[in-house]
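A look at the structure
In case you want the letters, here they are:
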Number of protein chains: 2
Amino acid sequence: MKNVDRRSAAALGLLAALTLAALRPAAAQTSDEETVRAAIGAYHAAFSSRDIKAMEVLWAHTAAVAAIHPFSQTSLVGWQAVRRSYEETFARFADVSISTTEPHITVHQGIAWVVATETLRGHRPGGEAMANSSMSTNILEKQGGRWLMVLHHASGTPRP
Amino acid sequence: MKNVDRRSAAALGLLAALTLAALRPAAAQTSDEETVRAAIGAYHAAFSSRDIKAMEVLWAHTAAVAAIHPFSQTSLVGWQAVRRSYEETFARFADVSISTTEPHITVHQGIAWVVATETLRGHRPGGEAMANSSMSTNILEKQGGRWLMVLHHASGTPRP
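Treat the numbers as computed from the prediction; the structure is a model and nothing was measured.

Residue and element names in this part refer to chain B. Counting buried positions along strand E5 (residues 111-123) gives 11 out of 13 residues, so the element sits mostly inside the fold. Pairing analysis gives six bridges linking strand E3 (residues 95-100) to E5, with the strands arranged antiparallel. When the bridges of E5 are listed, Asp95 appears paired with His123. Note: strand E4 (residues 104-108) against E5, five bridges, orientation antiparallel. Looking at E5, one finds that His108 is bridged to Ile111. Bridge count for E5 against strand E6 (residues 129-143) is 13 bridges, and the pairing is antiparallel. Each bridged residue has a counterpart across the sheet, and for Trp113 the counterpart in E6 is Ile139. Taking the residues between adjacent antiparallel strands as the criterion, E5 and E6 are bridged by five residues, where Gly127 takes a positive phi near 100°.

As structure tokens, then:
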């Protein structure tokens, strides 16, 4: 290796090290954001497959968790009430899929919240096609390295 | 003071100290809960008086704050959009007052979220009386010892 190449290699190495050092805090934040994004993706997958067992794994099972669905008459507090609300939700569909806008994710220490618009398409148990949009707020809490759902609030877009 | 009184006094003092020590974490949590409850009270007061200046003081002014109102067609992200949405909301009323159910408050480190049902009563600018209920999720962030609003999601109760 010629001297000039060695110097270039050393300079490139230093540049790479400095870049990595500069990116480290951002990378930690990005990593949390990516994990939260993946948790929301898993939530949509569990919802689309109407799989209560998969949904159970994604939530914290505490008395403090809460859900408000577009059809809710009241907010549901505590894991048992939240779990039941998903069973009721899943019973409203014969099949359903969710697409979502780019989520707006905020991570602050061990808590993350995610705002997005979700579009549901599918069929009612009677075969009737359905499609509707709702705006959602999800709150997740990092527990033992995993991001668990602790709140879901979704509301239908009102007719203009 | 007799010896037995001194011993009783010392025992009482020790009991008081132990009790205070045992209560300290709960007291800190309660204090945070009380401050969050007061912040939500101030939010309702600012809303009821349709006072955008008072509302400004209660919110973090960042690009990450978000609001979804019962009439929103989309989620509003960033302080300018959120502020504008309150000006639009306030213009929907000639007068309005808010009563709320006992809020369900969760505090986790520097983040708190609050779920409640709010009932609005008042008059439209045309004089028409109005009353409706909505379920709300509010997220607050502790900044410099103050709890500031960072997200408000309210949605109307659907007709059964």
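Looking now at the nonpolar core. By size, the foremost hydrophobic cluster in this structure holds 78 residues, and its most contacted members are Phe47, Trp59 and Tyr86 of chain A together with Phe47, Met55, Trp59 and Tyr86 of chain B. In this structure Phe47 of chain A touches Met55, Tyr86, Thr89, Phe90, Phe93, Val96, Ile98 and Leu120 of chain A, once residues within four positions along its chain are discounted.

Glancing now at unusual backbone geometry. Look at Arg50 of chain A: it is not a glycine, yet its phi comes out positive at around 50°. Among the structural elements, Arg50 of chain A can be located in the loop between helix H1 (3-48) and helix H2 (52-58). Look at Gln109 of chain B: it is not a glycine, yet its phi comes out positive at around 50°. When you line up the elements, Gln109 of chain B lands in the loop between E4 and E5.

Here the focus is the packing of aromatic side chains. Evaluation of the coordinates by the stated rule reveals 14 aromatic pairs over all chains. Look at Tyr86 of chain B and Phe90 of chain B: their rings are 6.1 Å apart centre to centre, the planes differ by 50°, and that puts the pair in the tilted class. Residue Tyr86 of chain B and its partner Phe90 of chain B are both found in helix H3 (residues 79-90); the two are separated by four residues, about one turn of the helix. Residue class for Tyr86 of chain B comes out buried when judged on its relative accessible area of 0%. For Phe90 of chain B, a relative accessible area of 5% gives the class buried. Aromatic ring contacts, followed pair by pair, group Tyr43, Phe47, Trp59, Trp79, Tyr86, Phe90 and Phe93 of chain A into a single cluster. The ring of Phe71 of chain A has Arg92 of chain A lying over it, and the distance from NZ or CZ to the ring centre is 4.1 Å.

What follows covers the environment of His104 of chain A. With respect to the helices and strands, His104 of chain A occurs in strand E4 (residues 104-108). In this structure the C-alpha to C-alpha distance between His104 of chain A and Ala116 of chain A, which are 12 residues apart in sequence, comes to 6.3 Å. In this structure His104 of chain A touches Trp113, Val114 and Val115 of chain A together with Ala63, Ala64 and Val77 of chain B, once residues within four positions along its chain are discounted. A polar contact is formed between the side chain of His104 of chain A and the backbone oxygen of Ala64 of chain B, at a distance of 3.2 Å.

Another point: the interface of chain B and chain A. It is common to give the size of an interface as the accessible area that goes away when the parts come together. The interface is formed by 33 residues belonging to chain B together with 33 residues belonging to chain A. Regarding the contact of chain B and chain A, the summed buried area is about 2600 Å², with carbon and sulfur atoms giving 66% of it. Applying the counting rule to chain B against chain A returns zero salt bridges. Run the count over chain B and chain A and you get 10 residue pairs in polar contact (both at pLDDT 80 or more).

Quick notes on the rules
- Residues numbered from 1 in each chain as written.
- Chains lettered and ligands numbered in written order.
- Predicted model: local features only at pLDDT ≥ 70, side-chain atom pairs only at ≥ 80, totals over all residues.
- Heavy atoms only, no water.
- Buried < 20%, exposed > 50% of the residue type's maximum accessible area, 1.4 Å probe, protein only.
- Helix = DSSP H or I, 4+ residues; strand = E, 2+ residues; numbered from the N terminus.
- Pairing = 2+ DSSP bridges.
- Core = buried A, V, L, I, M, F, W, Y, C linked by side-chain atoms within 4.5 Å.
- Contact = heavy atoms within 4.5 Å.
- Phe/Tyr/Trp six-rings, centres within 6.5 Å; stacked < 30°, edge-to-face > 60°.
- Lys NZ or Arg CZ within 6 Å of the ring centre and 35° of its normal.
- Polar contact = N/O pair within 3.5 Å; in protein donor to acceptor, adjacent residues only side chain to side chain.
- Buried area = accessible area lost by both parts, 1.4 Å probe.
- Salt bridge = Lys/Arg side-chain N within 4 Å of Asp/Glu carboxyl O.

Remember, this is a structural readout, not a statement about activity or role.
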